[in-house]
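# Notes for the structure review
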Amino acid sequence: MVGPSRAVQPMSAPLLEVDNLRIGFAQGTPVDGVSLRIGAGEYVALVGETGSGKTLTALAIMGLLPGSARVSGTITLDGRPLPVTDDAAMSRLRGNRIAMIFQDPLLALNPVRGVANQIREAIRIHAPTLSRARVTRRVAELLSLVDIEPTVQNLRAYPHEYSGGMRQRAMIAMAIAHDPALLIADEPTTALDMTVQAHILEVLRRVRERTGTAILLVTHDLGIVSAEATRTVVMRAGRVRESADTAAIFSAPSDTYTSALIAASARFAWGGQHPQNTATDNADAAIPDAVNPAGTLLSVRDLHVRYPRTRGSGGAPVHAVRGVSFALNRGQTLALVGESGSGKTSTARAILHLTAPGSGTITIEGRDVASLSRRERARLRPDVQMVFQDASGALDPRMSVDQLIAEALPRGSDRWTRTRHVGTLLSRVELSTSLLTKSAHELSGGQRQRVQLARALAASPRLLVLDEPLSALDVGVRGEVLDLLISLQQATGVGYLLIAHDLATVREIADRTAVMYRGEIVESGPTSAVLGRPQHPYTRTLIGAIPRSPSLPADLSTAGDSEPVLRDCGGPGPSESVPRASPRTPPEGTDTVTETVAYLDAAAGGGRFLNRLLRRPRFWVGGGALLAILVWLYLAPLLWPVDPLARDALSLGVGPSTDHWLGTNDIGQDMYARVVAGLRISLLIGLIAGPGATLIAAVLGALAGYAGGLTDRLVSGLIRLLLVLPGLLLLALISPLFRGASWFTMTLYLAGFGWMVMAQVVRGQTRSLREREFVLAARFLGIPTWRIIARHILPNIASLLIIDATVGVSAAILAEAGLSFFGLGIQAPDLSLGSLLATGAPAATTRPWLFIYPAATLVVTVLAVSIVGDAVRDTVDTASASRHDGA
Amino acid sequence: MLGFLARRLGINALLVVLATSLAYVVASGVMDPGARYRLLSPPLSPAAIAGKLAEIGADPREPVLSRLVVWARGIIFEGNLGRGLTGQNITQEIFGRAGTSLRLLVIGSLLAAIVGIGLGVWGAVRQYRLSDQVVGVLSFVVFATPTFVIAILLMIAATALNSVLGSQFLEFTGEGGEAGQTGLALVGDRIGHLVLPTLVLVLIGAASYSRVQRSAMLDVLSAEYIRTARAKGLRRGQAIWRHGVRVAIIPMSTFLAYSLGTLIAGSAAIEIVFSWNGVGRYLVSSIGQGDINAIAGGTAFISVVLLVAASLSDVLFGLLDPRVRGTR
């Protein structure tokens, strides 16, 4: 391995020097001996794929790692070691000498404070004596520097009123408030559109020129690196692979990994070379109107999509797609290109019947989708499949690869045929069958994307909608998946509708390209023409926004034999046997610290829900107590065979004694026997009513949430009506119906009126799950509704239901007691803890044993149940935090 | 902002009407207000009973909805909640008790909110430390104990304390007013009687508020803007205080109103245990007697209290979160 020895010496004395930095967590060492130096005013890029440790390195420089991190090595700034252990000293440097901006400015800005207010704060922290007027002037100055006009409106605005690009520029303004010597930018443009990215990069460049700050740009995008940075540090698996001048690295990389990375990214670089797409040659014949109708797979004519007005849109209905027409031939690829808000996703949703088109016609294989009956449409469903951008969200986290693909196969075949089928599909997407039993979060990003493809192909679709299929992948994997897409199309003749913002991907695969802008297609035609000789100014802007380096040689695909090096870092398919560089390298899509830590947690902990639950001491405390109570209830009559109703005329109302352990009541009944009998009834009520209410909530909530329409309105109406009155008041009002009730009617009432809140929760969860990508995928496959609810919805809210059921047990026991105390529930002489407490309450100060013992029994029982419930809840919380369900 | 509040107020007002009507209809459907007359000896004839009930608008021969309309008309045109089974004026009964109940409820829920939010924030910042664990365990114990049991246990403890001290140090019967009807004596006496009941309400309120606030605060602590604030140079405590707490209180502003229903049920139990002559206790005894007008009247009172609380929490929500104020 080539180490940092080849590092080019910075011209001046280094501003920042990181020496042998190690960052360890309990579960692994994601940064393992990193050394790098940054000279004053230098523009250094820190490049690496996901999980390479680049963000952690940046946070270590800021001293902002989570408390659980173990850090060793030294970091020197201006020749003095950073006081990493002294938070007070560090905070005097942060925002002053070193500053940082983050990936998602919407999350990084405080949502409830004005943008200008937050910039003011940044100024005042290190200059508390500055006068108000001078702070105001400085805010205006900073905003102007980042191209935000300091108008009253912009100064008063909150972050949500800014656009994404403005937010990131405001972040930059905040970071440079004190002209820092070093500005760390962590993936500052990843969450933003291409043209916005160009603007941010320009602002960064300008800031560096004006203030002389050094910039450490953390990124995965080699295109940006080659265009912006003077020096580049390449990281992988927690180590620096190569560090040199950017031009040197790109022209003659010395490290095998670096050269493989550069070769892979060259395919997606925009060097101005002629598109290599062979398919484009015959694409001129595919002008929509001149198309041979027999060859047309998809035709969209004058499509309009409108969304009803929402509060967010300021009251006006959104006209997302305005009269779009295009056609796609069988076996070809059409790319819809545009930035967020251009209407390309709305168009795709209309084609997938997810959004009812406002007007216009969509025909697939010559059939007008809108004119089809429900059943015909259901039959047509598998014809159109979708591959989502975020593969981890598109695969049900609770299913194995085998289940995911088998589910998509046409039903009716036997088990053996299915197994063979799944095997065929896996080999078609170049995945090994050893992955069959894995679940989605155990796969790498590339593997997940392949599983998604296999599932889509299982339905033998004619049209595949590809929604940004590559943009969530690391650059090394990108090319492989792209090749797979091309070969699959050649093999199966499936047509692709590609939705993308990355023009390099489009150039590689699309026969035709349509550029969308503000809901309209502004330019369309053969890809080579649209991208090679753009006519519309917007297309030119898009192409102009692609970062490119003047020094970059036109053709870089000479790195040749380095392919396998890339493959082993999350390598799919054929390279499965190659050991991964680090078994602890998180898969793609886990770049933030919390996610990395959570991933390491999950990887180290392994195991499923039950395993994690069993490792919780609290579960054993609560569960043990509950078990002890149950055993006691079972054994009590054997050990102390006293009838709770029998009267001992010789001891009326006496305190605890050897004859009567817990004393007797006024008519000489043994309190111990009564408490045991009462607890038995109360626990029975709780154990049935709690889960019973949960069951009702699950069925009604899932039904209403999934079905929508009339069912939803009826169920929601009933819920709202019942919730109009506070819970206990409703129970109390109904109580005359079960006055002097048996435990059984009491149970029925508690379950029958205890489900509403949970049903609302289940309904809400179902509604959001219904729009989740893995459920959408199941819907596209034409899987029947009940099956989707049973296999994809309920299992994913099972943990919530378990929590509710345990909470319900406690709630039912408490409600029973409360009602008895109000004189409305089970009353003496019938036994329950509630009736015992209600009888004992008036005597509580004079004969406390009548009250204290039933009360203590109740509290201990409910406490035991609650502790079990809390352990379950905690397990669920960490489980959902460590699972990569996507947004 | 104003549009948002007006819309919320409209919905809440509608809910009051709906809740009261629902209570009237349900109570009429399941209760037997004539039962008390049937127990008389000599028993009254069914016709005579119906006649007695007709006097107060509870004639079982009339359809429920038309009785509801008559009762509602009385409220709208005369501001009169009708008469109860014993002929008492329900409006007077409820207004006479309103002050007692509100005194407990307002002071109790405000203190509970303050204590709960404080404990929640503190617990989140000191997550998994001993103090956090202790607060967590205590709130679980409170959750597991019915309100009336807490009240009675405190009463037992107060009795023990009083007998040790040899004087009536803590009051636990009635709401006070015996020591004099004017001036400081009255105020002091009232406060003395408030201590224990308020303590119970604060305990049950703070137990749940602190848990909700703790988890809201934990969410905020891992928020990226806290990291941004530290990247600007704020110390951890400063960042949490200036940027975290306000955001973490936003979900509480809704939860406070939502959970007031539970506190009202709790305060009914407290009124019974400490022999306070409040609306909750009145409502419970009315349910026991099947007094439909009194039940609906009591429900109306509770609904209005909830309406006011919900509206206040909407205002708070709007003030705390600029995102709901609507775009300019």
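Residues numbered from 1 in each chain as written. Chains lettered and ligands numbered in written order. Predicted model: local features only at pLDDT ≥ 70, side-chain atom pairs only at ≥ 80, totals over all residues. Heavy atoms only, no water.

Moving on: the overall build of chain B. In terms of regular secondary structure, chain B is built from twelve helices and zero strands. Reading the secondary structure of chain B in the N-to-C direction produces α-α-α-α-α-α-α-α-α-α-α-α. Dimensions of chain B, computed from C-alpha atoms along their principal axes, come out at roughly 85 × 65 × 40 Å. Counting the 328 residues in chain B, one finds 52% classified as buried. Carbon and sulfur atoms make up 68% of the accessible area of chain B, which amounts to about 14900 Å² in all. (Helix = DSSP H or I, 4+ residues; strand = E, 2+ residues; numbered from the N terminus. Buried < 20%, exposed > 50% of the residue type's maximum accessible area, 1.4 Å probe, protein only. Areas by Shrake-Rupley, 256 points an atom, 1.4 Å probe, with all protein chains shown as cover.)

Moving on to the environment of Thr766 of chain A. Residue and element names in this part refer to chain A. Structurally, Thr766 is set in helix 30 (residues 756-770). Measuring from C-alpha to C-alpha, the distance between Thr766 and Gly701 comes to 7.6 Å, with 65 residues separating the pair along the chain. Setting aside chain neighbours within four positions, we find Thr766 in contact with Gly701, Ala702, Gly705, Tyr706, Ile793 and Ile797. (Contact = heavy atoms within 4.5 Å.)

Moving on: the pattern of salt bridges. All names here are of chain A. Taken as a whole, this structure holds 38 salt bridges over all chains when the rule is applied. Glu141 is the partner of Arg138 in a salt bridge, and the nearest nitrogen-oxygen pair spans 2.7 Å. Remark: Glu141 and Arg138 occur in helix 5 (residues 132-145); sequence separation between them is three residues, near one turn of the helix. For Arg138, a relative accessible area of 18% gives the class buried. (Salt bridge = Lys/Arg side-chain N within 4 Å of Asp/Glu carboxyl O.)

On to the sheet that holds strand 12 (residues 318-329) of chain A. All names here are of chain A. The strand order across the open sheet formed by four strands is 12-11-14-15, and the pairing between neighbours is antiparallel. Bordering the open sheet on either side are strand 12 and strand 15 (367-368), each of which pairs with just one other strand. Taken together, the nine bridges between strand 11 (residues 296-307) and strand 12 define a ladder with antiparallel strand orientation. Each bridged residue has a counterpart across the sheet, and for Leu303 the counterpart in strand 12 is Val324. Against the sheet, helix 12 (residues 344-351) makes contact with strand 11, strand 12 and strand 14 (359-364), and its axis sits at roughly 115 degrees relative to strand 11, the strand it touches most. (Pairing = 2+ DSSP bridges. Axes fitted to C-alpha atoms, helices over the stretch in contact; angles between N-to-C directions.)

We now examine the interface of chain B and chain A. Taken together, the contact pairs 61 residues of chain B with 67 residues of chain A. Both sides together, the interface formed by chain B and chain A hides about 5500 Å², and carbon and sulfur atoms give 70% of it. Close ionic contact of Asp87 of chain A with Arg230 of chain B constitutes a salt bridge, the shortest N to O distance being 2.9 Å. Along the contact surface separating chain B from chain A lie 14 residue pairs in polar contact (both at pLDDT 80 or more). At the level of secondary structure, the elements contributing two or more residues to the side of chain B that touches chain A comprise helix 1 (2-30), helix 6 (130-143), helix 7 (147-165), helix 9 (224-231), helix 10 (236-273), helix 11 (279-289) and helix 12 (292-320) of chain B. At 13 residues, the largest contribution of residues to the side of chain B that touches chain A is made by helix 10 of chain B. Its residues assigned to classes, the side of chain B that touches chain A shows 39 nonpolar, nine polar and 13 charged. (Buried area = accessible area lost by both parts, 1.4 Å probe. Polar contact = N/O pair within 3.5 Å; in protein donor to acceptor, adjacent residues only side chain to side chain. Nonpolar A, V, L, I, M, F, W, Y, C, P; charged D, E, K, R; others polar.)

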